[in-house]
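Reading the structure
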Amino acid sequence: MATVAKRGNITVHTENIFPIIKKSIYSDHEIFLRELISNGIDAIAKLKMATYSSGQTFDPSTAAIDIAIDKDKKQLSITDNGIGMTAEEVEKYINQVAFSSAEEFVEKFKEADETIIGNFGLGFYSSFMVANAVEIQTLSYQDGAQAVHWKCDGSTEFELSDSERAERGTTITLTLMEEEEEYLEEARIRSIVKKYCDFMPHPINLNGERINQEKALWKQNPKDLTKDDYLEFYRYLHPFQDEPLLWVHLNTDYPFVVNGILYFPKLKPDVDVTKGQIKLFCNQVFVSDNCEEVIPQFLTPLRGVIDSTDIPLNVSRSYLQGDRTVRRIADYIAKKVAGELKGLYRSDLPEYIRCWQDLGTFVKFGSLNDDKFKKQVEEILIYRTTAELSTEKADETVAVEVQTEEGDAWEGTEETQEPRDENGFYYTTLKDYLERNKERHENRVFYCTDPASQATYVELHKSQGLEVLFLDSFIDTHFVGFLEREFTDVKFARVDAEIDDALLDKDKKETEIVDPATNKTRSDQIKELFEGALGNDRVNVKVEALKGEDPANTPPAMVLLPEAMRRIQDMTAMFANTLAAFPNDHILLVNSSHPLIENLLSMNQGAIAVEGGESPSATLSKALCNHVYDLALMAQKGFDADGMKSFVGRSNQVLTQLTKR
Ligand code: ADP
Ligand code: MG
């Protein structure tokens, strides 16, 4: 080796920072490899630029990083065939600049107790976290350059001398500390490269074999990519997962640089939607497994990749949330997502509806949380409806091509688009609902939160031609409140809350006094009968005649839960984190036009009192009143153990009575 041409001291402004580097600001020593590889990749990029402007030839396909392990010498080396450095450049970039920036970095963060998002910035000097001695052999691309050898053993002293190196580029050789010998294991190196450097733009070889795999799909032009490219990339990032519903390709250079691909996954109950799964990259270098701070909270369940050089990385996560650029990036992402959804809504409504089960939750959550997003998606919020919507109406919403601000275009289909899902259910926007029903019930929306337990009520509305919307996902409890705040003129009534006038047969309303002695109408008598039979003053009995072509097909009785009361109950349950108990106070609406009720009344009235108690038919009619109530209750909530026992017991008694001859 050549004689040492120069000895000197690395410029240090404070105390020697090596002990601090060694103690490590990073718990992850492994990032030294990421730093050295990215320096090699940078060197290749610089060579590309330099030869481009000087007219020299350089074939980028020959560019590569080579990692070699020498177990005997306990050495790890990283070689690139990039731009290389002259002695002056080593002085300037390694001895002075790099060191002072590392120093600054250490100063800034040695007190920090919060985790730092990217652990970037220590750069070249992070090699001293794992190495006793670091050497550089480098040859600049410049014509007639002299190769250089630099060596530092972890003190503030360095040596600089000429080198025999003949190939352009740089080799960094680390002699590892005893406790860091894990970095002599091939498998360890492979896994670090896979984690941080998988998407770097040039081959990274270990002992001659390429160990980074993938193209950074997000850096490519969306126009050059097929559906399969996106799906394949998703499978690579998230193996063993269902296919995503759709995706958004982010690429903007101004006013900040953001590239990325975000996928909407199918929401599964076992997926923790509060935990982000978007990988953050900086110039194709992996930074972090989640970037919850960078994307709007409501988009946390999205997956994929975001790559930006404009996200400050050497800051704490809490700082990041307050950063202005980061907030603007978050807005941009939300806007792109909204744009993609709008595009799908307009170009392929059936597909949009197919995805709505999963998308709806995002969109609603986003609307609840983000005002700007709300405005962007308000026209594409849809609800399943009981109405059967004609295709002509849907035709009006078909757009042939949609142009967004970003200039992306969606090909529209000109086929008829039925707004229905694969089960044949139709979907509508709230605006269309209100418009359609303006004449029958202006500014009133009937909704259902549980198709199973509210089936009777939905049926009743449907049979009267009243349209019901389904607000039955877990987020809808909040969403109804939100809709009411948004549409202050509109009243939302759950189908089982109260019986709308439209459902009542006002002509049949009994006002006629049937018993002059007591001044009572038939309704009064029915009410009395049920109240007496139930003997429960928390159940408020109301008698109404329900409309229906065949009264026998209307329900004989229904349990109603007044809207305001039920909401208080829901809220209490929500705070207590339990399911809402069925309210003890409720209304039993008895349908006076149903033949069963008529029969019950006459059965009771025809009963002749026997000596010392009720007649058997009076007893039976009371038992049947309870039965009618139970059936109405059952439609709503099912029974608890006691309720079930008494229901079965009474059923058997009643059946015995009825079969008596
Ligand atoms: P940064 O990469 O952020 O500039 P580093 O500490 O990682 O900081 O590197 C400092 C400087 O040393 C680089 O900017 C570059 O000029 C030089 N350098 C480091 N590694 C190489 C390399 N492999 N080839 C050429 N120059 C390098
Ligand atoms: Mg660097």
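In what follows, the structure referred to is the one given above.
These remarks concern the structure in this document. Please read all numbers here as calculations on a predicted model, not as lab measurements.

This next bit is on the overall build of the protein chain. Scanning the protein chain from N- to C-terminus turns up 18 helices and 26 strands. Within the protein chain, the fraction of its 661 residues that count as buried is 49%. If you take every contact in the protein chain between residues at least 6 apart in sequence, the share linking residues at least 24 apart comes to 71%. For the protein chain, the accessible surface area stands at approximately 32900 Å², while carbon and sulfur atoms represent 48% of it.

The environment of ligand 1 is made up of 11 residues, and the closest members are N39, A43, D80, G123 and F124. For ligand 1, a nitrogen atom lies 2.9 Å from a polar atom in the side chain of D80. In this structure, an oxygen atom belonging to ligand 1 sits 2.9 Å away from a main-chain N or O atom of F124. Contact with the protein chains removes 78% of the 540 Å² of surface that ligand 1 exposes when unbound. For the shell around ligand 1, the secondary-structure elements that each account for two or more residues are helix 2 (31-54) and helix 3 (87-109). For the shell around ligand 1, the class distribution of residues is six nonpolar, three polar and two charged.

Counting residues in each nonpolar core, the largest one holds 104 residues, and the members touching the most others are F264, I306, I333, F530 and L588. Of the residues forming this core, the biggest block, 10 residues, is contributed by helix 7 (residues 324-347). Setting aside anything within four residues of it in sequence, one finds I333 in contact with L250, L262, V294, I295, P296, L299 and I306. Membership of the second largest hydrophobic core comes to 65 residues, among which are I67, I69, L76 and F199.

According to the stated counting rule, one finds 26 salt bridges in the structure shown. The residue K195 makes a salt bridge to E30 at a minimum N-O spacing of 3.1 Å. One end of the pair, K195, is in helix 4 (residues 186-197); the other, E30, is in the loop between helix 1 (18-23) and helix 2, with 165 residues separating them in the sequence. K195 gets classed as partly exposed once you look at its relative accessible area, which sits at 37%. E186 serves as the salt-bridge partner of R190, at 3.9 Å between the closest nitrogen and oxygen. With a gap of four residues between them, R190 and E186 both fall in helix 4, about one helical turn apart. Ionic contacts of the salt-bridge type, sharing partners, join the residues E30, E182, R188 and K195 into one network.

Looking now at the sheet that holds strand 26 (residues 586-591). The strand order across the open sheet built from three strands is 24-26-25, with neighbouring strands paired in mixed fashion. At either margin of the open sheet sits one strand with a lone partner, and together these are strand 24 (539-544) and strand 25 (557-560). Put simply, the sheet's adjacent strands are angled 25° from each other on average, direction ignored. In this sheet, strand 26 lies alongside strand 24 in parallel orientation, the contact comprising six bridges. Looking at the pairing, V541 lines up with L588 of strand 26. Each of strand 24 and strand 26 is contacted by helix 14 (residues 522-534), which is oriented at about 155° to strand 24, the strand it contacts most.

Contact pair helix 17 (residues 616-637) / helix 18 (residues 641-659): the axes reach a minimum separation of 10 Å and the direction vectors enclose 140°. Considering the angle they form, helix 17 stands oblique to helix 18. The chirality of how helix 17 crosses helix 18 is left-handed. Residues P616, L620, A623, L624, N626, H627, D630, L631 and M634 of helix 17 touch helix 18, and the partners they reach there are F647, R650, S651, V654, Q657 and L658.

Another point: the packing of helix 7 against helix 8 (residues 349-369). Packing of helix 7 against helix 8 brings their axes to within 8 Å, and their N-to-C directions diverge by 150°. One finds that helix 7 runs roughly antiparallel with respect to helix 8. The crossing of helix 7 and helix 8 is left-handed. The segment helix 7 lies against helix 8, with L341, L344, Y345 and S347 engaging L349, E351, Y352, L359 and V363. Its residues assigned to classes, the contact of helix 7 with helix 8 shows seven nonpolar, one polar and one charged.

In space, the nine strands of this open sheet follow the order 1-6-5-4-7-3-2-8-9, with mixed pairing throughout. The sheet is open, and its two borders are formed by strand 1 (4-9) and strand 9 (209-210), each paired with just one other strand. In this structure, strand 2 (residues 65-70) lies alongside strand 8 (residues 204-206), joined through three bridges in parallel fashion. Residue pairing across strands places I65 opposite I204, the latter belonging to strand 8. Where helix 2 meets the sheet, it contacts strand 2, strand 3 (75-80), strand 7 (169-176) and strand 8, and its direction lies at approximately 25° from that of strand 3.

Across five bridges, the pairing between strand 12 (residues 277-282) and strand 14 (residues 303-307) is parallel. Its bridge partner being in strand 14, Q277 is matched across the sheet by R303. The pairing of strand 12 with strand 13 (residues 285-288) spans three bridges and is antiparallel. When the sheet's bridge partners are listed, F281 is paired in strand 13 with F286. What sits between the antiparallel neighbours strand 12 and strand 13 is a turn of two residues, in which N283 has the positive phi angle 55°.

With that settled, consider unusual backbone geometry. Between Y254 and the following residue, P255, the backbone shows a cis peptide bond with an omega angle of 0°. Summarising the element assignment, P255 is placed in the loop between strand 10 (246-252) and strand 11 (258-264). Located in the positive-phi region is Q284, a residue other than glycine, with phi close to 70°. Within the secondary structure layout, Q284 lies in the loop between strand 12 and strand 13. Residues other than glycine seldom take positive phi values, yet N519 does so here, at roughly 70°. In this fold, N519 is placed in the loop between strand 22 (513-515) and strand 23 (520-521).

Turn by turn, an α-helix covers 3.6 residues, leaving residues three or four places apart pointing in a common direction. Buried within helix 5 (residues 227-237) are the following residues: Y230, L231, F233, Y234 and L237. On an axial view of helix 5, the arc spanned by its buried residues comes to 160°, and they lie on one face. Within helix 5, the exposed residues directed more than 90 degrees away from the buried face are D228 and E232. In this structure, the buried residues of helix 5 make contact with strand 10, strand 11, strand 12 and strand 14.

A few words on the packing of aromatic side chains. Enumeration according to the criterion identifies 21 aromatic pairs in this entry. Summarising the aromatic geometry, the rings of W247 and Y263 are spaced 6.0 Å apart at their centres and angled 55° between planes, so their arrangement reads as tilted. Of this pair, W247 sits in strand 10 while Y263 sits in strand 11; the two residues are 16 residues apart in sequence, bridging distant segments of the chain. Judged by centre distance (4.5 Å) and plane angle (45°), the rings of F298 and F373 are tilted. With F298 in the loop between strand 13 and strand 14 and F373 in helix 9 (residues 371-377), this residue pair connects regions lying 75 residues apart in the sequence. Taken together, the ring pairs connect Y196, F199, W218, F233, Y236, F281 and F286 into an aromatic cluster. Taking the ring centre of F479 as reference, the NZ or CZ of K364 above it sits at 5.6 Å. Just above the ring of F470 sits the side chain of R384; from NZ or CZ to the centre is 3.8 Å.

Conventions used here
- Residues numbered from 1 in each chain as written.
- Chains lettered and ligands numbered in written order.
- Predicted model: local features only at pLDDT ≥ 70, side-chain atom pairs only at ≥ 80, totals over all residues.
- Heavy atoms only, no water.
- Helix = DSSP H or I, 4+ residues; strand = E, 2+ residues; numbered from the N terminus.
- Buried < 20%, exposed > 50% of the residue type's maximum accessible area, 1.4 Å probe, protein only.
- Contact = heavy atoms within 4.5 Å.
- Areas by Shrake-Rupley, 256 points an atom, 1.4 Å probe, with all protein chains shown as cover.
- Near = heavy atom within 4 Å.
- Polar contact = N/O pair within 3.5 Å; in protein donor to acceptor, adjacent residues only side chain to side chain.
- Nonpolar A, V, L, I, M, F, W, Y, C, P; charged D, E, K, R; others polar.
- Core = buried A, V, L, I, M, F, W, Y, C linked by side-chain atoms within 4.5 Å.
- Salt bridge = Lys/Arg side-chain N within 4 Å of Asp/Glu carboxyl O.
- Pairing = 2+ DSSP bridges.
- Axes fitted to C-alpha atoms, helices over the stretch in contact; angles between N-to-C directions.
- Parallel < 35°, antiparallel > 145°, perpendicular 65-115°, else oblique.
- Left-handed = near helix turned anticlockwise from the far one by under 90°.
- Arc of directions from axis to C-beta.
- Phe/Tyr/Trp six-rings, centres within 6.5 Å; stacked < 30°, edge-to-face > 60°.
- Lys NZ or Arg CZ within 6 Å of the ring centre and 35° of its normal.

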